[in-house]
Amino acid sequence: MASISFRNVTKIYDGADKPVVPNLNLEINDKEFIILVGPSGCGKSTTLRMIAGLESISSGELYIGDRLVNKVPPKDRDIAMVFQNYALYPHMSVYKNIAFGLTLRNVPKDEIDRRVHEAAKILDLEHLLERKPKALSGGQRQRVALGRAMVRNPAVFLLDEPLSNLDAKLRTSMRSEIARLHRRLDTTFVYVTHDQTEAMTMGDRIVVMKDGLIQQFDTPKVLYDTPVNLFVAGFIGSPQMNFLDVAILKEGDKLIAQLGEDKLEIPAAKREALEPYVGKTVILGVRPENFLSFDKLTDANGISARLDFCELLGAETNLYLFVNDQKVIVRIPSTEENPTEEFIKVPVDMDRAHFFDKETELAICH
């Protein structure tokens, strides 16, 4: 069993005036693929290194399975770690790099050979076993690093930004390879990245962190559809969600979000949550892909904007706009004709709009 449990774990470095990870509580289930994501300095790599035993715990308890591991050295934790820079031995062949950890543990040679060839077959490295790392591409080196971890049959795989040194095309293919590897090995993976696209496409559940604190821990779909606060809403999704200040008004039996001269009608499903905000300013969040086709524009869903430029992405086009001097990105299918006028109105899908409290930055409704 390889569940991981953080119980009131704090990490503070000597001489620091505040902890980098304060009072972390986190439960990772056996065989889950968990992503730790957040901006640089949010504590995600420190959290991973505490699991590995490479960082000591200042206070609290860390369990792997049913075993308290606070004082257990890294080599005895039954974990394998894959680093950002591959950490391969340049003078050794691919075979010897993969076998290195098993050789140190005095595993019999025939068993080493079996495990190395099994991992090489899974990772498509069989034809490269006699090469040195300098003769490999970045993606091949990363697969060697994965193979070295695989042959140990660890209870937990820890991956610290393993794709950040690869080009965009290779990152995309390696994402699917690592996800497929997790399904095949059927063990616990904990993966650190600052790239929310990696997080959304790979993880069973995602831990979104900021300043050492967990902002939200849930499935990719829940994070995308119902972010708990402004930070998560802005971090998850690419391009990020657009945010606009709107005044909540009541007009007869309707609730309105007013933006300049434009009045957006609030759907019935969101009215109850927004009633307490009548007469106040809140933050309207609209994802670039949550605008409607121009032929669905009405007086109740249109936002006035100034068109800056259009960016063709193949199947889609991004429109870069200014709304009251705030930048807004609208994503439309490339099959739809681009607007040609400088001043336009774009229709918002108000059923998929998000509202946030301007003071607390917490979500009001989705």
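This section reports on the structure supplied with the text. None of these values were measured; they are calculated from a predicted model. (Residues numbered from 1 in each chain as written. Predicted model: local features only at pLDDT ≥ 70, side-chain atom pairs only at ≥ 80, totals over all residues. Heavy atoms only, no water.)

Looking now at the pairing of strand 6 (residues 79-82). Where burial is concerned, the two faces of strand 6 agree: the one with Ile79 and Met81 and the one with Ala80 and Val82 are both buried. Where strand 6 lies against strand 7 (residues 156-160), 4 bridges are found, and the strand directions are parallel. Bridge pairing in strand 7 links Ala80 to Phe157. (Buried < 20%, exposed > 50% of the residue type's maximum accessible area, 1.4 Å probe, protein only. Helix = DSSP H or I, 4+ residues; strand = E, 2+ residues; numbered from the N terminus. Pairing = 2+ DSSP bridges.)

What follows covers the sheet that holds strand 9 (residues 205-210). Backbone-to-backbone hydrogen bonds join strands into a sheet, with any given pair of strands oriented parallel or antiparallel. Spatially, 6-7-8-3-9-10 is the arrangement adopted by the 6 strands of the open sheet, whose pairing is mixed. Edge positions in the open sheet fall to strand 6 and strand 10 (213-218), since each of these has one partner strand only. The mean angle between the axes of side-by-side strands here comes to 15 degrees, regardless of whether they run parallel or antiparallel. By the bridge criterion, 5 bridges tie strand 7 to strand 8 (residues 188-193) in an arrangement that is parallel. Each bridged residue has a counterpart across the sheet, and for Phe157 the counterpart in strand 8 is Phe189. (Axes fitted to C-alpha atoms, helices over the stretch in contact; angles between N-to-C directions.)

Now for the packing of helix 4 (residues 138-150) against helix 5 (residues 168-185). Their axes nearest at 11 Å, the elements helix 4 and helix 5 cross at an angle of 15 degrees. Looking at the two axes, helix 4 sits roughly parallel to helix 5. The handedness of the crossing between helix 4 and helix 5 is right-handed. Side by side, helix 4 and helix 5 meet where Gly138, Gly139, Gln142, Arg143, Leu146 and Met150 of the first sit next to Leu170, Met174, Glu177, Ile178, Leu181 and Leu185 of the second. Residues belonging to the contact of helix 4 with helix 5 are distributed by class as follows: 7 nonpolar, 3 polar and 2 charged. (Parallel < 35°, antiparallel > 145°, perpendicular 65-115°, else oblique. Left-handed = near helix turned anticlockwise from the far one by under 90°. Contact = heavy atoms within 4.5 Å. Nonpolar A, V, L, I, M, F, W, Y, C, P; charged D, E, K, R; others polar.)

Here we take up the pairing of strand 8. With 6 of 6 residues buried, strand 8 is to be regarded as a mostly interior element. Neither face of strand 8 is open: one carries Thr188, Val190 and Val192, the other Phe189, Tyr191 and Thr193, and all of them are buried. Relative to strand 8, strand 3 (residues 33-37) runs parallel, the two being bridged by 5 bridges. Bridging from a neighbouring strand, Ile34 pairs with Val190 of strand 8. Where the polypeptide runs from strand 7 across helix 5 and back to strand 8, its parallel neighbour, the crossover connection is right-handed. (Right-handed = clockwise from strand over helix to strand, strands pointing away.)

Scope: geometric values only; no functional claims are made or implied.
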